[in-house]
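Okay, here's what each chain looks like letter by letter:
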Amino acid sequence: DAGITQSPRYKITETGRQVTLMCHQTWSHSYMFWYRQDLGHGLRLIYYSAAADITDKGEVPDGYVVSRSKTENFPLTLESATRSQTSVYFCASSEDSSYNQPQHFGDGTRLSIL
Amino acid sequence: QKEVEQNSGPLSVPEGAIASLNCTYSDRVSQSFFWYRQYSGKSPELIMSIYSNGDKEDGRFTAQLNKASQYVSLLIRDSQPSDSATYLCAVKWYAGKSTFGDGTTLTVKP
């Protein structure tokens, strides 16, 4: 049961570079989410997806792009990285939008932008 | 105003005591409520869910929900040092999205 996997686990890059964080789930869950977690801010939703080819903005979408061509993959791209995007990024999935379906989280990607 | 507020903590309790974690949420159509535990450097993991008013018990954990007061809490009985972590309250709205509180950090001292 591989569940939900994120890659890379750690990434260091420079300002202005493009970087893509990968998320893959093996459950065929409909919903997938991207969060960032900074000290003092908890989990903030960046983007989410209800199904393949359906994505929507969350609370803090600026500077990020997502796509979901396949149900199992939900990559997050920082088109031109800035220092303020240094954070821990979590991908999560949920079976559907039913009230009793929790989110399941990947192990996270720790991203540092110099 | 944040949609989900947790007591800011940090909270420190002696081993064997009851730890009480609280969460309030704004007046929106809320479906369900989840408590996640997050150890330092790790990802959140689900420990409890509650959907109806009242109490729900699972081992040493009890979740309490009062929709009229827009309040949900988590009690941890017989606290152990291994319970030391940050606890996140999540409120699930319609359309599948959830809002998380900022978390309360609990330390259980031996």
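These remarks concern the structure in this document. Since the model is a prediction, treat every value here as computed from it, not as a measurement.

With respect to the interface of chain B and chain A
Many descriptions give the size of an interface as the accessible area lost when the pieces come together.
Consideration 1: Contact with chain B, which involves 20 residues of that partner, is made by 24 residues of chain A.
Consideration 2: Between chain B and chain A, a total of about 1,600 Å² is buried, with carbon and sulfur atoms accounting for 54% of that surface.
Consideration 3: Viewed at the interface, chain A and chain B are joined by 0 salt bridges.
Consideration 4: Counting across the interface, chain B meets chain A through 7 residue pairs in polar contact (both at pLDDT 80 or more).
Consideration 5: Of all the secondary-structure elements, those providing two or more residues to the side of chain B that touches chain A are β4 (30-38), β9 (85-93) and β10 (98-100) of chain B.
Consideration 6: Take the side of chain B that touches chain A: its biggest share by element is 5 residues, from β4 of chain B.
Consideration 7: Residues belonging to the side of chain B that touches chain A are distributed by class as follows: 8 nonpolar, 8 polar and 4 charged.

Some points on the pattern of salt bridges
Residue and element names in this part refer to chain A.
Consideration 1: For the coordinates displayed, the defined rule picks out 6 salt bridges over all chains.
Consideration 2: Here R17 and E14 are joined by a salt bridge, their closest N and O atoms 3.4 Å apart.
Consideration 3: We classify R17 as partly exposed; its relative accessible area is 48%.
Consideration 4: D38 is paired through a salt bridge with R44; the nearest N and O atoms lie 2.9 Å apart.
Consideration 5: Take D38: its relative accessible area is 16%, and that puts it in the buried class.
Consideration 6: What emerges from the salt-bridge pattern is a single network uniting R36, D38 and R44.

Some remarks on the sheet that holds strand β1 (residues 4-7) of chain A
Hydrogen bonds between backbone atoms are what pair the strands of a sheet, whose relative direction is either parallel or antiparallel.
Residue and element names in this part refer to chain A.
Consideration 1: Pairing is antiparallel in the open sheet, where 4 strands are placed in the order β1-β3-β8-β7. Each of the sheet's edge strands pairs with one partner strand only, and the pair in question is β1 and β7 (64-66). Strand-to-strand twist in this sheet, taken as the mean axis angle between neighbours without regard to direction, amounts to 20°.
Consideration 2: Sheet analysis places strand β3 (residues 19-25) next to strand β8 (residues 76-78), joined by 3 bridges and oriented antiparallel. Its bridge partner lying in β8, T20 is registered against T77.

Digging into the state of the cysteines
Consideration 1: Inspection of every chain in the model, using the stated rule, returns 2 disulfides over all chains.
Consideration 2: Disulfide pairing places C23 of chain A opposite C91 of chain A at an S-S distance of 1.9 Å. Linking C23 of chain A and C91 of chain A, the disulfide has an S-S dihedral of approximately -75° and is accordingly described as left-handed. Of this pair, C23 of chain A sits in strand β3 while C91 of chain A is found in strand β9 (residues 87-94), placing the two residues 68 residues apart along the sequence.
Consideration 3: When its relative accessible area of 1% is taken as the criterion, C23 of chain A is described as buried.
Consideration 4: Disulfide pairing places C23 of chain B opposite C89 of chain B at an S-S distance of 2.1 Å. An S-S torsion of about -75° defines the bridge between C23 of chain B and C89 of chain B as left-handed. Within this pair, whereas C23 of chain B is found in strand β3 (residues 19-25), its partner C89 of chain B is found in strand β9, the two being separated by 66 residues in sequence.

About the criteria used
- Residues numbered from 1 in each chain as written.
- Chains lettered and ligands numbered in written order.
- Predicted model: local features only at pLDDT ≥ 70, side-chain atom pairs only at ≥ 80, totals over all residues.
- Heavy atoms only, no water.
- Contact = heavy atoms within 4.5 Å.
- Buried area = accessible area lost by both parts, 1.4 Å probe.
- Salt bridge = Lys/Arg side-chain N within 4 Å of Asp/Glu carboxyl O.
- Polar contact = N/O pair within 3.5 Å; in protein donor to acceptor, adjacent residues only side chain to side chain.
- Helix = DSSP H or I, 4+ residues; strand = E, 2+ residues; numbered from the N terminus.
- Nonpolar A, V, L, I, M, F, W, Y, C, P; charged D, E, K, R; others polar.
- Buried < 20%, exposed > 50% of the residue type's maximum accessible area, 1.4 Å probe, protein only.
- Pairing = 2+ DSSP bridges.
- Axes fitted to C-alpha atoms, helices over the stretch in contact; angles between N-to-C directions.
- Disulfide = S-S within 2.5 Å.

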